[in-house]
Amino acid sequence: MTGLTIDHLSMRFDLPNGQAVQALKDVSLDLKAGELMSVLGPSGCGKTTLLNIVAGFLAPTDGKVILNGKTVRGPGAERGMVFQQGALFEWMSVRENVGFGPSMKGMNKAKKKEIVDHLLDVVGLRDFKEKAVYELSGGMQQRVALARCLANDPDVILMDEPLGALDALTREKMQGLVLKLWKETGKTIILITHSVEEALLLGERLVVMAPRPGRIHREYNLPFAEMGVNKDLREVKKHPDFAKTREEILSMIWDMEEEIMGRTEKA
Amino acid sequence: MDLLGKLGGELVGVLGTLWTIFPFLVGYVLVILGTLAIWRGVRRFLRPKHDFGSLKTVTFGDESSVTSNTAASVISIALIFLAWGAFTGSRLLPGFLHVPGPFVGQTEFTYAIKTPDGTTADATVTVLVYPAGAPADDPAVEAGTGIARNDSVAIQEYRSSLLRAQDNDQVTKDDGAEIVGVDGKAIAPGDSVRLGWGRVALTPKGTLNIEPSKGWQMEPIWLPAPEAVWARFIEISKEGYRNSTLAEHLGYSLFRVIVGFVLGAIIGIPLGYAMGLSDWFRGWFDPIVEFMRPVPPLALIPLVIIWAGIGETGKIILLFLAALWIMAIGARSGVSGVRISKVHAAYSLGASKWQIMRHVIIPNSLPEIFTAARVAMGVCWGTVVAAELVAAEKGAGMMIMVASKFQSTDIVLMGIILIGLIGFGIDLLMRWAERVLVPWKGKG
Ligand SMILES: Nc1ncnc2c1ncn2[C@@H]1O[C@H](COP(=O)(O)OP(=O)(O)O)[C@@H](O)[C@H]1O
Ligand SMILES: [Mg+2]
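The model shown is predicted, which means the values in this text are computed figures rather than measured ones.

## Examining the overall build of chain B
Helices and strands together make up the secondary structure of chain B, namely 11 helices and nine strands. In terms of its C-alpha atoms, chain B occupies a principal-axis envelope of roughly 115 × 70 × 55 Å. The proportion of buried residues among the 444 residues of chain B is 38%. For chain B, the proportion of contacts with a sequence separation of at least 24, taken over those separated by at least 6, is 65%. Surface accessibility of chain B: about 25,900 Å² in total, with carbon and sulfur atoms responsible for 66%.

## Some details on the side chain of Thr107 of chain B
Residue and element names in this part refer to chain B. Tracing the chain through its elements places Thr107 in strand β1 (residues 105-114). On the basis of relative accessible area, Thr107 is assigned to the buried category, the value being 15%. Within the local environment of Thr107, its side chain forms a polar contact with the side chain of Trp197, the two groups lying 3.3 Å apart. Residues contacting Thr107, with those up to four places away along its chain left out, are Val125, Thr126, Val127 and Trp197.

## Examining the pairing of strand β5 (residues 178-182) of chain B
Residue and element names in this part refer to chain B. Bridging between β1 and β5 involves four bridges; their strand directions are antiparallel. In the sheet register, Tyr111 faces β5, and the bridge partner there is Val182. What sits between the antiparallel neighbours β5 and strand β6 (residues 185-186) is a turn of two residues, in which Asp183 has the positive phi angle 50 degrees.

## Describing helix α2 (residues 70-88) of chain B
All names here are of chain B. Compared with the 27 Å implied by 1.5 Å per residue over 19 residues, the 27 Å span of α2 between its first and last C-alpha is a close match. Taken together, the buried positions of α2 are occupied by Ala71, Trp84, Gly85, Ala86 and Thr88. Regarding α2, its N-cap is Asn69, as a side-chain oxygen of that residue lies 2.9 Å from the backbone nitrogen of Ala71 further along. Looking one or two residues past α2, Gly89 carries a phi angle of roughly 60 degrees, positive in sign.

## Here's the deal with the sheet that holds strand β3 (residues 151-156) of chain B
Residues and elements named next belong to chain B. Strand order in the open sheet formed by five strands is β3-β2-β1-β5-β6, with mixed pairing between adjacent strands. Where the open sheet ends on each side, the last strands, each with one partner, are β3 and β6. Bridge count between β1 and strand β2 (residues 120-130): 10 bridges; the pairing is antiparallel. Its bridge partner being in β2, Phe109 is matched across the sheet by Val125.

## A look at the sheet that holds strand β8 (residues 198-202) of chain B
Residue and element names in this part refer to chain B. An order of β4-β9-β8-β7 is seen for the four strands of this open sheet, with the pairing classed as antiparallel. Whereas interior strands pair on both sides, the edge strands pair on one side only; in this sheet they are β4 (161-163) and β7 (192-195). With strand direction ignored, the average angle separating the axes of adjacent strands in the sheet is 20 degrees. Where β8 meets strand β9 (residues 208-212), five bridges bridge the pair, whose relative direction is antiparallel. Bridge pairing in β9 links Val200 to Ile210.

## Things to note about the domain arrangement of chain B
According to the domain assignment, chain B consists of domain 1 (67-100), domain 2 (105-212) and domain 3 (226-437). The straight-line distance from the C-alpha centre of domain 1 of chain B to that of domain 2 of chain B is 40 Å.

## Some details on the environment of Asp30 of chain A
Residue and element names in this part refer to chain A. Position of Asp30 relative to the elements: it lies in strand β2 (residues 20-31). The spacing of Asp30 and Thr5 is 25 residues in sequence and 4.6 Å in space, taken between C-alpha atoms. What Asp30 contacts, discounting residues up to four positions off in sequence, is Leu4, Thr5, Glu35 and Arg205. Only 3.0 Å separates the side chain of Asp30 from the side chain of Thr5, close enough to count as a polar contact.

## Overview of the coordination of the magnesium ion (ligand 2)
Each protein donor to the magnesium ion (ligand 2) is listed here as Tyr111 of chain B (OH), Arg149 of chain B (O), Asp151 of chain B (OD), Ala165 of chain B (O), Asn168 of chain B (OD1) and Asp169 of chain B (OD); together their distances run 2.2 to 2.5 Å. One can describe the site at the magnesium ion (ligand 2) as irregular: its six donor atoms subtend angles covering 80 to 170 degrees at the metal.

## Digging into the nonpolar core
Core analysis: the largest hydrophobic core is formed by 59 residues, its most contacted members being Phe100 of chain A together with Phe261, Met327, Val360, Trp381 and Met414 of chain B. When residues of this core are traced back to their parent elements, those giving at least two are α3 (100-105) of chain A together with α3 (226-239), α4 (246-277), α7 (312-336), α8 (340-348), α9 (353-390), α10 (396-405) and α11 (409-437) of chain B. When residues of this core are assigned to their parent elements, the largest contribution, 14 residues, is made by α9 of chain B. Counting residues in hydrophobic clusters, the runner-up holds 53 residues, among them Leu36, Leu119, Leu200 and Ile253 of chain A.

## Things to note about the confidence of the model for chain B
Residues and elements named next belong to chain B. Considering every residue of chain B, the mean pLDDT works out to 91; 96% of them sit at 70 or more. Of all helices and strands in chain B, the one with the weakest mean pLDDT is helix α6 (residues 301-308) (90), whereas α4 scores best (96). What the predictor reports for the complex is a pTM of 0.83 with an ipTM of 0.90.

## Focus on the packing of aromatic side chains
Enumeration according to the criterion identifies 12 aromatic pairs over all chains in this entry. Here the basic side chain of Lys183 of chain A rests over the ring of Trp182 of chain A, its NZ or CZ set 4.9 Å away from the ring centre. Taking NZ or CZ as reference, Lys394 of chain B lies 5.4 Å from the ring centre of Tyr252 of chain B, over its face.

## Some remarks on the packing of α4 of chain B against α11 of chain B
Residue and element names in this part refer to chain B. In the contact formed by α4 and α11, the axes pass within 12 Å of each other and the chain directions differ by 45 degrees. Overall, the two elements α4 and α11 adopt an arrangement that is oblique. Considering the relative orientation of α4 and α11, their crossing is right-handed. For the pair α4 and α11, contact is made by Leu246, Leu250 and Leu254 and by Met414, Leu418, Ile422 and Ile426, respectively.

Reading the values: the criteria
- Residues numbered from 1 in each chain as written.
- Chains lettered and ligands numbered in written order.
- Predicted model: local features only at pLDDT ≥ 70, side-chain atom pairs only at ≥ 80, totals over all residues.
- Heavy atoms only, no water.
- Helix = DSSP H or I, 4+ residues; strand = E, 2+ residues; numbered from the N terminus.
- Buried < 20%, exposed > 50% of the residue type's maximum accessible area, 1.4 Å probe, protein only.
- Contact = heavy atoms within 4.5 Å.
- Areas by Shrake-Rupley, 256 points an atom, 1.4 Å probe, with all protein chains shown as cover.
- Polar contact = N/O pair within 3.5 Å; in protein donor to acceptor, adjacent residues only side chain to side chain.
- Pairing = 2+ DSSP bridges.
- Expected span 1.5 Å × (residues − 1).
- Axes fitted to C-alpha atoms, helices over the stretch in contact; angles between N-to-C directions.
- Domains from an automatic or database assignment.
- Donors = N, O, S within 2.8 Å, 3.2 Å for Na, K, Ca; no water.
- Tetrahedral: all angles 85-135°; square planar, octahedral: opposite > 155°, others 65-115°.
- Core = buried A, V, L, I, M, F, W, Y, C linked by side-chain atoms within 4.5 Å.
- pLDDT = per-residue confidence, 0-100.
- Phe/Tyr/Trp six-rings, centres within 6.5 Å; stacked < 30°, edge-to-face > 60°.
- Lys NZ or Arg CZ within 6 Å of the ring centre and 35° of its normal.
- Parallel < 35°, antiparallel > 145°, perpendicular 65-115°, else oblique.
- Left-handed = near helix turned anticlockwise from the far one by under 90°.

Right, dumping it as structure tokens:
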């Protein structure tokens, strides 16, 4: 029973003014171990809410999340999280940040050092070990965040727009790194993005969500992630199917956004 | 309505006073702009390169785009000392930089009387103006032989003197003679005559009021010269003041501040944490903190004196209260200001609640706590001086209060400068500690 099951999740937020927001309605997904899934959708369609429920920060109003046969009842080290930015601990050095998970578990120093050194090598930050995180560029900070998450050896990695704040070039390099880490570690990954291109490149599976209420609109199985492992991602983008799928999804999202606009105008 | 009328009157008075200062303000601004123009000129002359920095537009709210010009700071401070020296006739400055001082020395003028039968006669008045530290007797003069007889008077600088010049004349006021001229100019009762060294007025009663010129310099009792203040500093640091050494006075003030602040922090920080972490504590203390915060600590002085007397306990309670709310509010906002994604990250890295407290919440709140500590130290230092002004046996504030009662303006100035320097030193120290202990401040 390995894998992640998201079973008929619904989430309603009751606002202080008496109204309620249906952030998610009846969302079901099944992920096999080692699957890489990207989630796309207009903002406000419940992507973050979905991830927060899987991470255990929020309890759903209905439905449940099952990981390796066990129902999720709160946050846990087997579900690692990578945030957009600002979730590193700036009072710790790069090394201490990456070693945070092992430290909390009380792992012995030698073993921790081995893990931290290895991961800093993997993300290419060996020389920045003792630096303060605020001395690093945005891209380097996200590498630290990835390494910190991997240091705990989680079963599932949840990423909420991890590359959203990076410039285009850095972003492209980081996309390559994510694919490489996925292939090398074999982790199950859910990656939220609002870049259609990124979703196509980094998703074996791609889920497009629709808003109000947040729900799954369409699902794709894509070959590009597999193609892109350790390759030049620009070559992948030249694939004729890539452009075709991108156009299809873009117009789908355009339609959704337009519908939202129309609805708010009427309201 | 009555109150409004009164306040309106006060406002008019205040604005009137400010209006007299206005030309000086304008002058000061002109000096600033003038030095700027000179500075620019000199720089262009020395380094005639195009300065790209001058093309940079000032972005409002972006402090980094304007840095402090050191040259301006140096000139500004130098100018303050220069003005201080010039207006006090400081011996540290060459004489030509002094503004005109009071008239000192011997001079004379004549007065003319007219008797009832129409005769007129002259006599000379010799005036000796002596410096404040060297009293002198009226200079000896020959009385002369005419109807009017010569007089003399000694006057201290910055003072004036009434002289009944007619008393020794042959035909006096009682005989119907009256003064009709001073130094060749006609004068009537109530008039005055301006002379090179001052002013002579004739009172309605026929007495001469002799006012030697005061010049532009300040009397030492208003503003002593820099060297006088320095000399006082040396004297007091050697001999002490009011049965205590200078170190004791300052040490007591610092002691009160540090003990009060530390106690305030010891209670205030945990209180702030409790308020940031528990809604019950927050609800319990919010009304108290929000009410006590706007009460200036100075307003508590009378109550604290009533309850705890003027001893150390009272002062330390006062400073404790001054620091307490500031520290509590700093710690509270430090805790509640933690980015939720940091807490979430820690949770999903397997940290327990207690570990999150220890490794995330506390370090994350330190910058805010340091900011609060800096503010609290500043407030405590101001409060201790004020409390000592009201009642104390030792302390920087007590020193200047007592000195002001004896009109020892030099000690008052010395005290104010020391208080300022210590306050500045405390702030520098806090900033240094902040840099060393929470280098990540503002880098989140
Ligand atoms: N804690 C909350 N309280 C109330 N409403 C919320 C809360 N979190 C999210 N929402 C609402 O739920 C909807 C989905 O939000 P979110 O999951 O952040 O969307 P996305 O990540 O796709 O942009 C939005 O309408 C948002 O306003
Ligand atoms: Mg006479």
